[in-house]
Amino acid sequence: MESPSGKLVHITTFGCQMNEYDSARMLGILSELGYAPAESPETADLVLLNTCSVREKAQHKVYSFVGALREVKRQRPGMIIGVGGCVAQQEGRQLLKDIPYLDLVFGTGALERLPELIAEAASGRRVACTDLDPGPLAPRRVALANPGLKAMVTVMQGCDNFCAYCVVPHVRGREKSRAAAQVVEEVAALAKAGVREVTLLGQNVNSYRDPEGGADFADLLEMVAGVPELWRVRFTTSHPKDLSPRLIEALAGIDKVMDQLHLPAQSGSDRILKAMRRGYTRARYLALVKDLRRRAPDLALGGDIIVGFPGETEADFQASLELIEAAGYDFLFSFKYSDRPFTKAIDLPGKIAEAEKSRRLARLQDRQREISLALHRAQVGKLEEVLVEGPAKRGTGLMTGRTRANRAVNFPGPPELAGRLVMVRVEQGLVNSLRGKLVDPA
Ligand code: 5AD
Ligand code: SF4
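Remember, predicted model here, so these are calculated numbers, not experimental data.

Draft legend 1. Structural context of the overall build of the chain. Helix and strand content of the chain: 14 helices and 19 strands. A compact globule built from 442 residues would reach a C-alpha radius of gyration of about 22 Å, and the chain, at 23 Å, matches this within 12%. Expressed as a percentage of the 442 residues in the chain, the buried residues total 54%. Within the chain, counting contacts between residues at least 6 apart in sequence, those at least 24 apart form 71% of the total. With the model as given, the accessible surface of the chain reaches about 19300 Å², and the carbon-plus-sulfur share is 53%.

Draft legend 2. Main features of the site of ligand 2. The environment of ligand 2 is made up of Cys159, Asn161, Phe162, Cys163, Tyr165, Cys166, Val168, Pro169, Gln203, His239 and Arg278. Among the residues making up the shell around ligand 2, the classes are represented as seven nonpolar, three polar and one charged.

Draft legend 3. A look at the site of ligand 1. Taken together, Val54, Arg55, Tyr165, Gln266, Asp304, Ile306, Phe335, Lys336, Tyr337, Ser338 and Arg340 make up the full set of residues near ligand 1. For ligand 1, a nitrogen atom lies 3.0 Å from a polar atom in the backbone of Tyr165. At 2.7 Å, a backbone N or O of Ser338 approaches a nitrogen atom of ligand 1. Computed on the free molecule, ligand 1 has an accessible area of 400 Å², of which 86% lies beneath the protein chains in the complex. Of all elements in the fold, only strand 13 (300-307) and strand 14 (331-336) reach the threshold of two or more residues within the shell around ligand 1. Counted by class, the shell around ligand 1 contains five nonpolar, two polar and four charged residues.

Draft legend 4. Expanded view of the pattern of salt bridges. Using the criterion set out here, one finds 33 salt bridges in the structure. Note that Lys150 is salt-bridged to Glu389, the shortest N-O span being 2.7 Å. Highlighted residues: Lys150 in strand 7 (residues 150-154) and Glu389 in strand 15 (residues 383-391), separated in sequence by 239 residues. Judged by its relative accessible area of 34%, Glu389 falls in the partly exposed class. Of the charged contacts, one joins Asp216 and Arg246 as a salt bridge, the two residues approaching to 2.8 Å between their closest N and O atoms. Of this pair, Asp216 sits in the loop between strand 10 (197-201) and helix 9 (217-225) while Arg246 sits in helix 10 (residues 245-253), and the two are 30 residues apart along the sequence. What makes Asp216 buried here is its relative accessible area of 14%.

Draft legend 5. Spatial organisation of the domain arrangement of the chain. Partitioning the chain into domains gives domain 1 (8-129), domain 2 (150-377) and domain 3 (383-440). At the interface, 18 residues of domain 2 touch 19 residues of domain 3. Looking only at domain 2, the three residues that lose the most surface to domain 3 are Trp231, Arg232 and His376, adding up to 39% of its buried area. Counting across the domain 2 and domain 3 interface gives five salt bridges. Counting only elements with at least two residues in the side of domain 2 that touches domain 3, the list comes to strand 11 (232-236) and helix 14 (354-377). Residues belonging to the side of domain 2 that touches domain 3 are distributed by class as follows: five nonpolar, three polar and 10 charged.

Draft legend 6. Layout of the sheet that holds strand 7. Taken in spatial order, the three strands of this open sheet run 7-10-11, and their pairing is parallel. The outermost strands of the open sheet, each flanked by one partner alone, are strand 7 and strand 11. For this sheet, the mean inter-axis angle between neighbouring strands, taken without regard to orientation, is 25°. Two elements, strand 10 and strand 11, share five bridges in a ladder whose sense is parallel. Opposite Leu200, over in strand 11, you have Phe235 as the bridge partner.

Draft legend 7. A look at the environment of Val424. Here Val424 shows up in strand 18 (residues 421-429). Judged by its relative accessible area of 0%, Val424 falls in the buried class. Along the sequence, Val424 and Val439 sit 15 residues apart, while their C-alpha atoms lie 5.4 Å from each other. Contacts of Val424, omitting those with residues within four sequence positions, involve Lys382, Leu383, Glu384, Val386, Val409, Phe411, Gly436, Lys437, Leu438 and Val439.

Draft legend 8. How the structure looks around the packing of aromatic side chains. Taken as a whole, this structure holds seven aromatic pairs when the rule is applied. When the centroid spacing of 6.0 Å and the interplanar angle of 35° are considered together, the rings of Tyr280 and Tyr285 count as tilted. With respect to burial, Tyr280 and Tyr285 carry one shared label: buried. Site record: aromatic cluster; members linked through ring pairs are Tyr165, Phe309 and Tyr337. Between Arg196 and the ring centre of Trp231, over which it is positioned, the NZ or CZ distance is 5.3 Å.

Draft legend 9. Examining helix 12 (residues 282-295) more closely. Between its first and last C-alpha, helix 12 extends 20 Å over 14 residues, near the 20 Å set by a 1.5 Å rise per residue. Along helix 12, the residues that are buried comprise Arg282, Tyr285, Leu288, Val289 and Leu292. Down the axis of helix 12, the buried set is contained in an arc of 125°. They therefore lie on one face. In helix 12, the exposed residues that point more than 90 degrees away from the buried face are Ala283, Lys290 and Arg294.

Rules used in this analysis
- Residues numbered from 1 in each chain as written.
- Chains lettered and ligands numbered in written order.
- Predicted model: local features only at pLDDT ≥ 70, side-chain atom pairs only at ≥ 80, totals over all residues.
- Heavy atoms only, no water.
- Helix = DSSP H or I, 4+ residues; strand = E, 2+ residues; numbered from the N terminus.
- Rg over C-alpha atoms; globule rule 2.2 N^0.38 Å.
- Buried < 20%, exposed > 50% of the residue type's maximum accessible area, 1.4 Å probe, protein only.
- Contact = heavy atoms within 4.5 Å.
- Areas by Shrake-Rupley, 256 points an atom, 1.4 Å probe, with all protein chains shown as cover.
- Near = heavy atom within 4 Å.
- Nonpolar A, V, L, I, M, F, W, Y, C, P; charged D, E, K, R; others polar.
- Polar contact = N/O pair within 3.5 Å; in protein donor to acceptor, adjacent residues only side chain to side chain.
- Salt bridge = Lys/Arg side-chain N within 4 Å of Asp/Glu carboxyl O.
- Domains from an automatic or database assignment.
- Buried area = accessible area lost by both parts, 1.4 Å probe.
- Pairing = 2+ DSSP bridges.
- Axes fitted to C-alpha atoms, helices over the stretch in contact; angles between N-to-C directions.
- Phe/Tyr/Trp six-rings, centres within 6.5 Å; stacked < 30°, edge-to-face > 60°.
- Lys NZ or Arg CZ within 6 Å of the ring centre and 35° of its normal.
- Expected span 1.5 Å × (residues − 1).
- Arc of directions from axis to C-beta.

And the structure:
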């Protein structure tokens, strides 16, 4: 791809959906500077990494990725390498010390300042910017030429919860909501360009509050659902302690809001939940789930569980196994606890051995596979509205799409269906997907 200035940028994204959104924003900002996307880091003039530090493993990836660029940079010294995102926020200047050929470090609040930071780096100075306050979040500037069928839109950033294990409040700063009008404008622009499904993003969307009009998240959902060309709205993540009856109502009542909720529990043990500072008990969590299922029977529920939090006994872990059973998760993200800088948990006694964490994780994941499989098998015979994304894996002759509950469905059908809503009869349930058959609209 040729750009006006002929300069190419390559962005690699690690971590969560919010980072993916930030990378899309970066690309928008850089395309205004005349950069076009490069096929690979090796051919780029500017190589950016958008990093994640939520777990130690994610952070390690950054160092190995940058390490692999060392030789490229030696051969092409004019190339600029920059590390942004949560690791950049966390480590700041230290990254420049650790990696002698790194040019630029930009934290989570520095996105809008990229043009000046890059100019500075281009003049030969090594720069680090870790000013955490992003100021008012500017609207996204995306190349809207070909945005695809689905897009993400950040509605709030940061977190005020300070869960004992979590680095997010330290690297993303305090909660900050975007103006509802700006969010709706962005969604409308995406929808106009062909996007049919948006996922609204925030560390804790339940705390959303429009800084201009005072709308809460349920109001925002209603406003976004009002965008005519948009078909589907999803959102993530909800904190159990703040899940409001109004939001449950919006989830159940607004047709464009899909039947899916990510509601991380983190543990099933009250003792551990308290040590984690989660602000709810197991009973309260399960009562919420019950309420949700009553109001929205088709809801697919997702969760996060951390195994091996400091002090977690076998009995505590059993309680987590029981919780995933009782919650009946459709999908579960599960992690081994890892120490993060600045957090409370780093100083807690009773750290669990790595091997034991691995064993617990494997047990949890084995159990979850059975739960998912049973849930998916129970879908057989149901008629599902599916947004068709395109051909499934090459050569199979199948098309793939997502149900309202966000379950992947594969079914025989012509490629022309891509981008359309169709009805599919479920014929088979697998661990991670469904198989089905197209049903005539007539
Ligand atoms: N160790 C392991 N998992 C963690 N998470 C957050 N911090 C840690 C940590 N220190 C998990 C939580 C969170 C998800 C995004 O990452 O489950 O919901
Ligand atoms: Fe981290 Fe807890 Fe905030 Fe989620 S709610 S980002 S786990 S501190």
